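Observations on chain architecture
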Amino acid sequence: MKNSKTIIVSAVNLVEGGGLSILKKCVQEFSTFNKDNKYTIYILVHSISLLPEYKNITYIAYPKAKKNWLFRAFYEYIYFYFLSLKYQPIVWLSLHDITPNVRVKYLYTYMHNSSPFFKKPKGLKLNWKFNLFVIFYRYLYCLNVKKTTACIVQQNWFRYKISELCKQPKEKIIVAKPENEKKLLSSYDGKFQKNQFFFNSYPRDFKNFEIICKASDILNRDRELIDDWNIFLTIDGSENKYSHNIVEKYKCDKHLHFLGLLTRDECEEYYRSSECLIFPSLLETWGLPISEYKLYEKKMILADLPYAYEAASGAKQVSFFDPLNEMQLAEIIKSVITNQESPVFNQVAQLEIEEPYCKNWEELINKIIHAE
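Residues numbered from 1 in each chain as written. Predicted model: local features only at pLDDT ≥ 70, side-chain atom pairs only at ≥ 80, totals over all residues. Heavy atoms only, no water.

**A few points about the state of the cysteines**
Each disulfide consists of one covalent bond between the sulfur atoms belonging to two cysteines. For the structure shown, the criterion picks out zero disulfides. Lacking any disulfide linkage, C252 is separated from the closest cysteine sulfur, that of C213, by 12 Å. On the basis of relative accessibility, which here comes to 74%, the residue C252 falls in the exposed class. C358 takes part in no disulfide bond, and the closest cysteine sulfur, belonging to C26, lies 13 Å away. Residue C358 is classed as buried on the basis of its relative accessible area of 1%. (Disulfide = S-S within 2.5 Å. Buried < 20%, exposed > 50% of the residue type's maximum accessible area, 1.4 Å probe, protein only.)

Listed below in structure tokens is the structure:
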């Protein structure tokens, strides 16, 4: 008989970026949910050192899971099956896209990698590994998905894409919105540095940092433009080959400031001090900086893509641009610097999302735990 008091969350592949943020938030919320220690909760991770300690949460580490895909497949499709027989959980939540082969009453797969739906723009060069990854993930998402109680995604457009790809009814795909961090506003006094622009993301090919650098190069050649403007980017060239090439090419641009990766507190400080967020990414599952920055009700320049419209839902000052058109981006940045009276920044319509829908992690956990 299954133990109705045991829950397993598998996340052996989440070690950085947005995936790790999802894991940390998930663990925090499960700990809060389990404040009375009514449940035994196991979190399967790559490394225990990546996560804070909670007295009512038990971590089990699998450091070989990211060594290569053979180990990963072994865990997901063989080892976890026997683990599910051993612990007999009532709920298994897979936080990293793959639907594992497990014996459990309620099985949920959190799908947060939107790469299968990436349409490569003409002329854009991407790492060959990424192109292979896109094809691979289209197959991976569909494998075992019919065994799930429901899939979990972050945005409504992603629900429709998963439904189409995996032939999964939309009613079995939960849209679970990442929570806006209201605490970001706790120390904000409404002041900001004029003509300060900010883009925060981990450097990957599709994050499109270079479009901002190209736009800056265009503005540098504008003799009529004032010199008092600055763009801050969260790369310094040490992260990977992609960021190294960008920094080497544009390191002499005095208007570009390469900060490197920031802590949470440092990122919040740039949110507060900047006049405008630029977010040109070509591929996102959510685009968390957008939903965080919109709380300040300041200007945002966003890629004209579905994820950005949804993350910016209800925002008051947004300008969308073709993320492959540096000239268009430069013109919008210039309009901010020169205080042009223009209709380029507009309010984004509030999106109404159909059920099943959860506004935060607390709602999601209650939904999957009390499925009956």
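**A short note on the packing of aromatic side chains**
Evaluation of the coordinates by the stated rule reveals 29 aromatic pairs. Seen in terms of ring centroids, F199 and F209 are 4.6 Å apart; in terms of plane orientation they differ by 45°. Their pairing is tilted. With F199 in strand β8 (residues 196-199) and F209 in helix α5 (residues 209-220), this residue pair connects regions lying 10 residues apart in the sequence. Accessibility assignment for this pair places F199 and F209 in one class, buried. Counting every residue linked through ring pairs, the aromatic cluster contains W69, F117, F136, Y137, Y141, W157 and F158. Geometry around Y39 places K5 over its ring, the cationic atom sitting 5.2 Å from the centre. The ring of F345 carries the charged tip of K299 above its face, separated from the ring centre by 5.1 Å. (Phe/Tyr/Trp six-rings, centres within 6.5 Å; stacked < 30°, edge-to-face > 60°. Helix = DSSP H or I, 4+ residues; strand = E, 2+ residues; numbered from the N terminus. Lys NZ or Arg CZ within 6 Å of the ring centre and 35° of its normal.)

**Thoughts on the pattern of salt bridges**
Following the criterion strictly, the structure yields 13 salt bridges and no others. Ionic pairing is found between E354 and R159, a salt bridge with its closest N-O pair at 4.0 Å. Of the two residues, E354 is situated in the loop between α10 (326-337) and β14 (357-358) and R159 in helix α4 (residues 156-166); the sequence distance between them amounts to 195 residues. Taking the relative accessible area as the measure of exposure, R159 reaches 0% and is therefore buried. Linking R264 and E292 is a salt bridge whose minimum nitrogen-to-oxygen distance equals 2.8 Å. With R264 in helix α7 (residues 264-273) and E292 in helix α8 (residues 288-293), this pair connects stretches of sequence that are 28 residues apart. Salt bridges here are not isolated pairs; linked through shared partners, they connect R264, E268 and E292. (Salt bridge = Lys/Arg side-chain N within 4 Å of Asp/Glu carboxyl O.)

**What about the pairing of strand β4 (residues 89-94)?**
With six of its six residues buried, β4 lies for the most part within the structure. Pairing of β4 with strand β5 (residues 106-110), which is carried by four bridges, proceeds in the parallel orientation. Note that in β5 the partner of W92 across the bridge is L107. (Pairing = 2+ DSSP bridges.)

**Some words on the packing of α5 against α10**
One can describe the packing of α5 onto α10 by two numbers: an axis separation of 8 Å at closest approach and a directional angle of 65°. Pair α5 / α10 crosses with right-handed handedness. Contact residues: I211, I212, K214, A215, I218 and L219 in α5; E326, M327, L329, A330, I333 and K334 in α10. Residues that form the contact of α5 with α10 fall into these classes: nine nonpolar, no polar and three charged. (Axes fitted to C-alpha atoms, helices over the stretch in contact; angles between N-to-C directions. Left-handed = near helix turned anticlockwise from the far one by under 90°. Contact = heavy atoms within 4.5 Å. Nonpolar A, V, L, I, M, F, W, Y, C, P; charged D, E, K, R; others polar.)

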